There are 2 protein chains.
Amino acid sequence: MRREAGVLTNKVPKEISEMANKVRSSDRRTIAQAITLIESTRPDHRALAEQLLSDLLDDTGKTIRLGVSGPPGVGKSTFIETLGLYVIKKRHKLAVLTVDPSSTLSGGSVLGDKTRMERLTRESDVFIRPSPSGSTLGGVARRTREAMLVCEAAGHDIVIVETVGVGQSETAVRDMVDMFILLTQPAGGDELQGIKRGVMELADLLIVNKADGELLNAAQRTQTEYRNALQLLRSASPDWTTPVLTCSALYEIGIDAVWDTINDYHMMMSKNEALQERRREQAIAWMWAEVRDALNEQFRASPVVADKIEDLETRVANGSLAPVAGAQALLAAFSGDTQL
Amino acid sequence: MRREAGVLTNKVPKEISEMANKVRSSDRRTIAQAITLIESTRPDHRALAEQLLSDLLDDTGKTIRLGVSGPPGVGKSTFIETLGLYVIKKRHKLAVLTVDPSSTLSGGSVLGDKTRMERLTRESDVFIRPSPSGSTLGGVARRTREAMLVCEAAGHDIVIVETVGVGQSETAVRDMVDMFILLTQPAGGDELQGIKRGVMELADLLIVNKADGELLNAAQRTQTEYRNALQLLRSASPDWTTPVLTCSALYEIGIDAVWDTINDYHMMMSKNEALQERRREQAIAWMWAEVRDALNEQFRASPVVADKIEDLETRVANGSLAPVAGAQALLAAFSGDTQL
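Parameters at a glance
Residues numbered from 1 in each chain as written. Chains lettered and ligands numbered in written order. Predicted model: local features only at pLDDT ≥ 70, side-chain atom pairs only at ≥ 80, totals over all residues. Heavy atoms only, no water. Helix = DSSP H or I, 4+ residues; strand = E, 2+ residues; numbered from the N terminus. Buried < 20%, exposed > 50% of the residue type's maximum accessible area, 1.4 Å probe, protein only. Contact = heavy atoms within 4.5 Å. Areas by Shrake-Rupley, 256 points an atom, 1.4 Å probe, with all protein chains shown as cover. Least-squares fit on C-alpha atoms with pLDDT ≥ 70 in both. Buried area = accessible area lost by both parts, 1.4 Å probe. Salt bridge = Lys/Arg side-chain N within 4 Å of Asp/Glu carboxyl O. Polar contact = N/O pair within 3.5 Å; in protein donor to acceptor, adjacent residues only side chain to side chain. Pairing = 2+ DSSP bridges. Axes fitted to C-alpha atoms, helices over the stretch in contact; angles between N-to-C directions. Parallel < 35°, antiparallel > 145°, perpendicular 65-115°, else oblique. Left-handed = near helix turned anticlockwise from the far one by under 90°. Nonpolar A, V, L, I, M, F, W, Y, C, P; charged D, E, K, R; others polar. Expected span 1.5 Å × (residues − 1). Arc of directions from axis to C-beta. Patch = residues over 30% accessible without salt bridge, like charges linked within 9 Å, V, L, I, M, F, W, Y side chains within 5 Å. Lys, Arg positive; Asp, Glu negative; His and termini not counted. Charge placed at Lys NZ, Arg CZ, Asp CG, Glu CD.

A.B. asks: I tried to follow the overall build of chain A on my own but got confused; where do I start?
C.D. replies: Scanning chain A from N- to C-terminus turns up 13 helices and seven strands. The buried share of chain A, reckoned over its 340 residues, is 54%. Sequence-distant contacts in chain A: of pairs separated by 6 or more residues, those separated by 24 or more amount to 79%. Surface accessibility of chain A: about 14800 Å² in total, with carbon and sulfur atoms responsible for 50%.

Structure, rendered in structure tokens:
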């Protein structure tokens with residue numbers, strides 16, 4: 001069982017630099033432990049985690065960062081397994097991370113779900129890490145970004161961040177990867193409506209999975225329909241038109257074309273500096289997102305603010321208080337609080 | 001010239017309640033003055049503006065709030081003029097507000113542009129207010145929301161908020177209206193790509209304008225193509241499938257169908273409480289947006305933070321500093337600053 005959870009004892013290694021060295025030498029237990037440290041909400045752990053990340057920073061970034069998303073049942077796990085087995089045959093090292101806000105519902109059960117990506121978990125060049133249970137989406141995404149850096153420092157040159165398509169998570173994932181891959185499946189007529197509006201705009205590559213057997217024709221029709229739909233939309237990048245491919249992850253058909261497209265994209269984006277620019281923008285946006293999240297957390301953690309929220313929200317919702325007046329009341333409470 | 005700018009003298013009426021009464025009696029000069037007060041950034045004006053809005057709050061909401069957006073050149077002004085003349089014939093009172101971040105480029109020139117909605121500006125039951133020049137998008141949207149309430153209290157039972165399609169402004173407008181209308185124009189094949197990805201998801205109604213003369217066939221083809229594209233996307237609301245209509249605002253063709261659809265939508269949304277729910281959510285989201293904006297403003301206005309931004313952003317962008325560490329440095333500077 002290679003899906004590592006990494007139990008964090010109270011005893012964090014005295015020297016974070018020792019942990020960093022063991023991450024760099026790709027010690028699996030240490031990688032898992034480092035990510036658990038990163039996911040910890042204890043302030044002392046947080047401080048150590050930031051120290052660790054700063055230490056590892058120089059060894060990150062030499063990676064292809066892929067996001068994979070799609071509605072439930074589209075075959076994300078099978079796709080990632082098949083693509084994963086394909087790339088490790090090409091001597092890549094792969095890390096798979098999950099941003100899955102819905103996994104909080106099933107608690108820790110994802111960890112025990114051994115049938116998911118079973119073949120991939122047996123490979124030594126693969127590191128798989130599910131989301132911590134009980135986290136909020138924002139929290140998961142923040143820590144997944146950091147976990148990605150740990151995996152990169154450990155020599156994983158392909159990182160796949162997986163998320164189920166439930167709305168905000170796709171944007172969060174798109175903002176941390178080089179290429180966002182959207183999976184969909186064959187369908188006819190009114191059955192379509194699979195992709196949430198606004199998510200298609202995020203895709204750098206759209207793949208119709210399950211293009212096999214009886215569904216082959218429907219898959220090709222769906223491919224054409226998405227190609228037409230994408231023509232109606234402005235391109236996300238001036239240098240790249242989102243391709244629509246078909247594949248069968250289950251029967252391992254079309255995976256080579258997927259991999260070629262990933263490489264084409266990566267080469268094109270690297271050549272004209274667009275990749276570096278995207279990463280620079282992501283890093284700055286990430287810094288500001290951290291700032292915003294911290295400010296909001298401080299705000300909501302203020303007891304005098306927390307006391308007022310319910311009453312003010314009720315009055316604003318029923319129209320008896322202007323939203324701006326509600327905001328002023330909250331801000332006044334907060335600044336009174338921080339001045340104490 | 002009915003497009004009111006409302007010069008705000010230093011002497012604000014002693015009694016805000018007097019101003020509120022004159023707004024309620026639909027005194028045009030007072031409406032304009034009230035909006036200018038709302039747009040003012042002076043803290044004493046802001047306090048008065050909030051007082052005014054609280055006073056007017058009970059007289060707001062009995063309105064159909066429409067957002068109209070679309071790329072430059074699609075004919076937004078003509079459409080609003082034609083629709084506006086149509087609804088005032090039906091004895092409605094109309095207010096038109098603009099959220100136009102690009103108008104800052106042209107400075108105050110929009111004000112002088114008399115050819116824009118010339119016929120509409122001559123009508124006494126119409127109040128037109130362009131964006132204040134020199135404002136940021138966030139600021140314009142914040143104040144436009146408040147200006148909308150003033151117009152409602154003054155008895156304008158239809159409010160149209162217009163925005164040019166430049167990205168974020170559509171989301172800002174969608175978050176303050178009952179129905180978001182997206183305009184597009186006829187085009188063939190590769191010429192399409194008019195609507196920015198992700199904006200289509202916001203539309204409660206999509207209209208292909210310029211469906212006249214030589215463009216009539218192309219308009220109908222475009223209508224079909226957008227209908228097909230929308231089928232591929234999940235609906236924004238379970239009770240409403242975004243219709244795609246054609247019209248010619250210039251030749252006043254198809255405006256009755258547009259108006260019927262607006263009424264159908266409003267009736268359906270009112271009947272099942274969806275409208276009230278959307279407005280409740282908008283009000284609470286608005287309160288929190290005000291809080292976030294204020295916190296961010298306080299943060300960025302802190303001199304010690306401002307001093308560090310450029311250096312930290314550079315180091316985060318070139319990868320020599322972890323984004324989280326950059327955020328920590330900014331937050332530490334800020335909390336040191338506020339504790340002084």
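Still more to cover.
A.B. asks: Would you mind going over the relation of the copies chain A and chain B with me for this structure?
C.D. replies: Both copies of the chain are related through a single rotation about an axis accompanied by a shift along the same axis. Superposing chain A onto chain B takes a rotation of 180 degrees plus a shift of 0.0 Å along the axis, which leaves an RMSD of 0.1 Å. As the rotation angle and translation indicate, the two copies are arranged about a two-fold axis. The fraction of interface residues of chain A whose copies in chain B are also interface residues reaches 100%, indicating that both copies meet through the same surface.

A.B. asks: It is not clear to me how the interface of chain A and chain B should be interpreted in this structure. Could you clarify?
C.D. replies: For an interface, size is often stated in terms of accessible area lost upon the parts coming together. With 60 residues of chain A at the interface, the matching set in chain B holds 60 residues. Each partner contributes to the roughly 5700 Å² buried at the junction of chain A and chain B, and carbon and sulfur atoms together form 67% of this total. Across the contact surface, chain A and chain B share zero salt bridges. For the pair chain A and chain B, the number of links is four residue pairs in polar contact (both at pLDDT 80 or more). At the level of secondary structure, the elements contributing two or more residues to the side of chain A that touches chain B comprise helix 3 (43-56), helix 9 (216-231), helix 11 (274-301), helix 12 (303-317) and helix 13 (323-339) of chain A. With 15 residues, helix 11 of chain A is the single largest residue contributor to the side of chain A that touches chain B.

A.B. asks: How should I be thinking about the sheet that holds strand 4 (residues 158-164) of chain A in this particular structure?
C.D. replies: Working definition: the strands of a sheet are paired by backbone hydrogen bonds and lie parallel or antiparallel to each other. Residues and elements named next belong to chain A. Strand order across the open sheet formed by seven strands is 3-2-4-1-5-6-7, with parallel pairing between neighbours. The outermost strands of the open sheet, each flanked by one partner alone, are strand 3 (126-129) and strand 7 (244-246). In this sheet, adjacent strand axes meet at a mean angle of 20 degrees when their direction is disregarded. Here strand 5 (residues 179-184) runs beside strand 6 (residues 205-208); their pairing, made up of four bridges, is parallel. Residue pairing across strands places Leu183 opposite Ile207, the latter belonging to strand 6.

A.B. asks: Would you take a moment to explain the pattern of salt bridges for this structure?
C.D. replies: Between side chains of opposite charge, pairing is possible as soon as their charged atoms come close. On inspection of all chains with the given rule, the structure shows 30 salt bridges over all chains. Of the charged contacts, one joins Arg280(A) and Glu277(A) as a salt bridge, the two residues approaching to 2.9 Å between their closest N and O atoms. One end of the pair, Arg280(A), and the other, Glu277(A), are both in helix 11, three residues apart, so they sit about a helical turn from each other. Its relative accessible area of 29% is what places Arg280(A) among the partly exposed residues. By relative accessible area, which is 32% here, Glu277(A) ends up partly exposed. Close ionic contact of Arg279(B) with Asp178(B) constitutes a salt bridge, the shortest N to O distance being 2.8 Å. Residue Arg279(B) is located in helix 11 (residues 274-301), and its partner Asp178(B) is located in the loop between helix 8 (168-174) and strand 5 (179-184); the two are separated by 101 residues in the primary sequence. In this structure, Arg279(B) and Asp178(B) share a single accessibility class: buried. Among the charged side chains, a salt-bridge network with shared partners connects Arg46(A), Glu50(A), Arg143(A), Glu146(A) and Glu290(A).

A.B. asks: Even after reading the chapter, I still don't get the packing of helix 1 (residues 16-24) of chain B against helix 2 (residues 28-39) of chain B, so can you show me in this structure?
C.D. replies: Two packed helices can be described by the angle between their axes and the distance between those axes. Residue and element names in this part refer to chain B. One way to put it is that helix 1 packs onto helix 2 with a least axis distance of 8 Å and a crossing angle of 130 degrees. Between helix 1 and helix 2, the angle is such that the two are oblique. The crossing of helix 1 and helix 2 is left-handed. Residue-level inspection shows Ile16, Met19, Lys22 and Val23 of helix 1 in contact with helix 2, the latter providing Thr30, Ile31, Gln33, Ala34 and Leu37. Of the residues assigned to the contact of helix 1 with helix 2, the class counts are six nonpolar, two polar and one charged.

A.B. asks: It is not clear to me how the sheet that holds strand 4 (residues 158-164) of chain B should be interpreted in this structure. Could you clarify?
C.D. replies: All names here are of chain B. An order of 3-2-4-1-5-6-7 is seen for the seven strands of this open sheet, with the pairing classed as parallel. The two strands at the open ends of the sheet, each matched to only one other strand, are strand 3 (126-129) and strand 7 (244-246). The mean inter-strand angle of the sheet, taken between neighbouring strand axes irrespective of direction, is 20 degrees.

A.B. asks: What exactly am I supposed to notice about the environment of Thr63(A) here?
C.D. replies: Residue and element names in this part refer to chain A. Structurally, the position occupied by Thr63 is in the loop between helix 3 and strand 1 (64-70). Look at Thr63 and you get buried, because its relative accessible area is 5%. Within the local environment of Thr63, its side chain forms a polar contact with the side chain of Glu152, the two groups lying 3.3 Å apart.

A.B. asks: Explain the side chain of Thr82(A) to me, please; I cannot follow it from the model alone.
C.D. replies: Residues and elements named next belong to chain A. For Thr82, the location among the structural elements is in helix 4 (residues 76-89). Among the polar contacts listed, one links the side chain of Thr82 to the backbone oxygen of Ala249, at a separation of 2.8 Å. When sequence neighbours within four positions are dropped, the list of residues in contact with Thr82 reads Ala249, Glu252 and Ile255.

A.B. asks: Is there a simple way to think about the pairing of strand 6 of chain A in this case?
C.D. replies: Both faces of the sheet carry side chains from a regular strand, because those side chains alternate between them. All names here are of chain A. Across the two faces of strand 6 the burial is the same, with Leu205 and Ile207 and Leu206 and Val208 all buried. Summarising the sheet, strand 6 and strand 7 pair through three bridges and their orientation is parallel. Bridged to Val208 within strand 7 is Thr246.

A.B. asks: Just checking my understanding: could you explain the side chain of Glu146(B) for this structure?
C.D. replies: Along the chain, the position of Glu146(B) falls in helix 7 (residues 137-153). One polar contact links Glu146(B) to Arg46(B), side chain to side chain, over a distance of 2.7 Å. Sequence-distant contacts of Glu146(B), that is, excluding residues within four places in its chain, are made with Val324(A), Ile38(B), Arg46(B), Leu53(B), Trp286(B) and Glu290(B).

A.B. asks: Got a minute to help me understand helix 9 of chain A in this structure?
C.D. replies: The periodicity of an α-helix, 3.6 residues per turn, causes residues three or four places apart in sequence to face the same way. Here helix 9 of chain A contains 16 residues, and its C-alpha end-to-end distance of 23 Å stays within 8% of the 22 Å for a straight helix at 1.5 Å per residue. Among all positions in helix 9 of chain A, only Ala218(A), Ala219(A), Thr222(A), Gln223(A), Tyr226(A), Ala229(A) and Leu230(A) are buried. The arc that holds the buried residues of helix 9 of chain A, viewed along the axis, is 145 degrees, so those residues lie on one side. Where the residues of helix 9 of chain A are buried, they touch strand 5, strand 6 and strand 7 of chain A together with helix 9 (216-231) of chain B.

A.B. asks: Would you explain helix 2 of chain B in this entry?
C.D. replies: Residues and elements named next belong to chain B. An ideal rise of 1.5 Å per residue puts 16 Å on 12 residues; helix 2 measures up with 17 Å between its terminal C-alpha atoms. In terms of burial, helix 2 is a largely internal element, nine of the 12 residues being buried. Here helix 2 has its buried residues at Arg28, Thr30, Ile31, Ala32, Ala34, Ile35, Thr36, Leu37 and Ile38.

A.B. asks: What is the right way to read a positive patch on the surface from this model?
C.D. replies: On the surface, a cluster of positive charge is made up of Arg292(A), Arg300(A), Arg292(B) and Arg300(B). Mapped onto the positive patch, the elements with two or more residues apiece are helix 11 of chain A together with helix 11 of chain B. Counting through the fold element by element, Arg292(B) comes out in helix 11.

A.B. asks: I'm lost on a nonpolar patch on the surface in this one. Help?
C.D. replies: A contiguous nonpolar surface patch, about 340 Å² in accessible area, is contributed by Leu250(A), Tyr251(A) and Ile253(A). With respect to the helices and strands, Tyr251(A) occurs in the loop between strand 7 and helix 10 (255-271).

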